[in-house]
Each structure stands twice: as C-alpha cells, then as structure tokens.
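# Structural overview
Now for the letters of each chain:
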Amino acid sequence: MQNDYKNIKQLVKNFIEEGENLNERFSVVAKELFTYQYQNNPAYRKFCRKRRITPVSINSFSDIPPVPITAFKEANLACSSIEDAEAVFMTSGTTNPEKRGKNIHKDLEIYNLSMKSYFKKCVVPDVDRIKMIILFPTREQMPNSSLAHYLDLAITEFGTSDSDYVVSQEGLDTEKLKSILLDAEQINEPICILGATFSFIQFLDDCLEKGMKFNLPKGSRIMETGGSKGRTRSMDPLELRKKLADLFSIPDYACGNMYGMTELSSQMYNQNFRHHYLGEQAPSFSKPPHWVKTLIVDPETMLEKPEGERGIIVHYDLANINSVLAIMTEDLGIKEGEGFHLLGRAEGAEAKGCSLAIEQFLSSTREERS
C-alpha cells in the first residue's frame, strides 16, 4: 500500500510538472488514480459498487463516478486514516456545526505543488515576490482551514518579508489595513491583497462610509475568494470587483477571484491578470489548471450538458490523491471553452438531483453495514 501511494503520487506529480494537457493522457492518469482510490478508499468503493462501476469499466475520466460533495460530511472518504494524516482540512459547518466535511491529506506534497504552480501563473506571473496583505486568520489560528493553509503558502512562497495579516480572532483590523495601504502609496510599493470576500466587503463598506479611497501603486492587485452568499452582507461578484477596483484605484484586470473548496486540492482562477500579463484578450470565465477537468452535467442523468447550457459543476482533480478525484458540487455553472461560469448554488430541479446523489451514497454505506 505504501509503495502504491508513492507510485500514484509520483505519477500525478509528473503530470502536473510536465504540463501535459491532452484529454487522452489525462484519462490515463485519472484511471490509474481511480483504481488506487477504489482499492484503498472503502467508503468510495461502496459507492462505486452501488453504481456497478469498477476500474475495468472505465474508458475515460468522465466515466469515473463523482461523489456528491455532501458525502464528505457523512463518511471519511480517504485512502488512509486520520491518525496517519499530515493535515485534515474541514468545512466551516455554518449550517450544522456537528457535521463538517473533511478532506484527509496523508501528506501535502501534491496539494502544495498544485497550489504553487497555478497561483504563480494566475496571480503573480510578473514578479518573484510581492508584499502580501492577508484578509484571513493565520494557519495557526485555523489549523483545519484549507484557505488558511493556502494563504500561508502564498505568503511564504511569493510574499516579501514584510507581508502581514490584518485579520485576527477579534476580526478585521481596518485601521491597520488602511495604514498599510497609505504606506504603500507613500513609498510607491505595489501590494497584493488576498482574502475572504466578506472581509473585502466589510472593508469596502467602512471606507465608503468614511469617504476614503486609495491610490495603490502600479502592479498592485487583489484576489478575493469564497463569495458572499449566506453572509449578512452580500454583493454581486462583478459589482464587488468594480467597486474594489475603484476603491484601490487599480485596473479591472488586477481584481482576481479564486474558486476553491475544502474537498478539492486545486484551485481555479479568473484569467484577467494572467492574460493581461501575456498581452492576450482575457476570457471572462474561471479556468482550471491542466490537472483538473471540469464538466457541467445534468445531476440526475450525469450526462454532460452542451456548452452554453447550465448544469451542476463536476470537478475531476488529480491532485486529490488521498480522497476522491471526482466530486459533484452543489454549484451551478455554464461551460465555455476551457473554463466555466459560476452561477451560484443549485436550486429547484438541480438541487433535487444533488439530493438524489447523496441518497445513493448513504444507501451504499447502509447496505454495507447490514
């Protein structure tokens, strides 16, 4: 089992580093990883058997059965035990604190490689290091938060030594953030502000109320993540980025967005900054890295929707080596080219389809116990 893990990890690592982007090659690696997860992840194997799918019945990555994201709250979907894990990332549990989704990582080598490789391309393609200001608690304060780990990696790998956090257990320190921004203006040093969407909204509201505005140096940028739905204050994503660009006096292309979730080991970004850097016309969609395939599917039939039609977003993430590579989210999206548009959470028929998927997962675990 240990050798199997080393071998599958090396296979995925090579695929990420070699930059292959062919569907045929992706399917080969995905089938190898699915076989490993089928053999070593008991909860996932039960689900696959319920759907009468085994490694020998897989021809393409899209044949691999995606697990509904809620299943991470119902079972330990992992190829190793929690006791052997280097990290256990957990969802916030805002709807039910007693049930938090867990993504168990035997080690973080592939997660970290995935994060650093695509972050460099999409957020900081033009610099080796930049001063970073983080609008989120530290990894020490939130050890089970995948976002806290992600931001810690960002500041460690790409931040300057004077990078800093402006959120503590007491909340966002708006006065500290304002002081840092004014200093950046004075010494003409570009900065990168990263963090949770709701913290950006909180800061925006505070500045609007006090009539404050900043003129950040050329090369400054922001990256928000998480969205604002379900929070006490929500805002349309495009409207938010427009207002933040105005608040900081930065161009629209410098307003980035990251789409990620605890149950995945990779992130997706809008391509504005990267395409500006490359001198190309930027698409408006979010794009996954080459080791992730994203499909838009009908949640009941699991058939892929044609480009332009809305459906449930399903990710096939090769970096998710210790849990499951195929995950059916509860997010609605539309496929466009190599990317997708996020429309929000599933409602109506799509939500019903997601519920059926989790019922099927629960049924598979109950049958195994009986």
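Our structure's up above, just so we're on the same page.
These remarks concern the structure in this document. The shown structure was predicted, so the numbers you read here are calculated from the model rather than taken from an experiment.

It is worth spelling out the packing of helix α6 (residues 174-187) against helix α7 (residues 197-210) at this point. A pair of packed helices can be characterised by two numbers: the angle between their axes and the separation between those axes. Contact geometry for α6 and α7: axes closest at 11 Å, N-to-C directions at 75 degrees. Here α6 lies roughly perpendicular to α7, going by the angle between them. For the pair α6 and α7, contact is made by Thr174, Glu175, Leu177, Lys178 and Leu181 and by Phe203, Asp206, Cys207 and Lys210, respectively. Taken together, the residues of the contact of α6 with α7 sort by class into four nonpolar, one polar and four charged.

As a further point, take the pattern of salt bridges. In this structure the tally under the stated criterion is 18 salt bridges. As a salt-bridge pair, Glu109 and Lys13 come within 3.2 Å of each other at their nearest N and O atoms. Highlighted residues: Glu109 in helix α4 (residues 109-122) and Lys13 in helix α1 (residues 2-18), separated in sequence by 96 residues. The partly exposed category is assigned to Glu109, whose relative accessible area is 35%. A relative accessible area of 22% places Lys13 in the partly exposed class. Salt-bridge contacts for Asp246 lead to Lys213; the nearest nitrogen and oxygen are separated by 3.2 Å.

Right, let's talk about the pairing of strand β15 (residues 326-336) for a bit. Across the eleven residues of β15, eight count as buried, placing the element largely inside the fold. Pairing between strand β1 (residues 67-68) and β15: two bridges, direction parallel. Looking at the pairing, Pro68 lines up with Met328 of β15. As paired strands, strand β14 (residues 310-317) and β15 are joined by six bridges and run antiparallel to one another. Each bridged residue has a counterpart across the sheet, and for His315 the counterpart in β15 is Ile327. Looking at chain direction, β15 and strand β16 (residues 339-345) are connected through six bridges and run antiparallel. Residue pairing in the sheet places Lys335 in a bridge with Phe340 of β16. In textbook terms, the turn of a hairpin is the stretch between consecutive antiparallel strands, and for β15 and β16 this stretch comprises two residues, one of which, Gly337, has a positive phi near 60 degrees.

Attention now goes to unusual backbone geometry. In the Ramachandran plot, Ser249 falls in the positive-phi region, its phi being about 55 degrees despite a non-glycine side chain. Take Ser249: it is sitting in the loop between α8 (237-248) and β10 (255-259). Within the chain, Met302 stands out as a residue other than glycine whose phi angle is a positive 65 degrees. Along the chain, the position of Met302 falls in the loop between β13 (292-297) and β14. Judged by relative accessible area, Met302 falls into the partly exposed class, the value being 22%.

Parameters and conventions
Residues numbered from 1 in each chain as written. Predicted model: local features only at pLDDT ≥ 70, side-chain atom pairs only at ≥ 80, totals over all residues. Heavy atoms only, no water. Axes fitted to C-alpha atoms, helices over the stretch in contact; angles between N-to-C directions. Helix = DSSP H or I, 4+ residues; strand = E, 2+ residues; numbered from the N terminus. Parallel < 35°, antiparallel > 145°, perpendicular 65-115°, else oblique. Contact = heavy atoms within 4.5 Å. Nonpolar A, V, L, I, M, F, W, Y, C, P; charged D, E, K, R; others polar. Salt bridge = Lys/Arg side-chain N within 4 Å of Asp/Glu carboxyl O. Buried < 20%, exposed > 50% of the residue type's maximum accessible area, 1.4 Å probe, protein only. Pairing = 2+ DSSP bridges.

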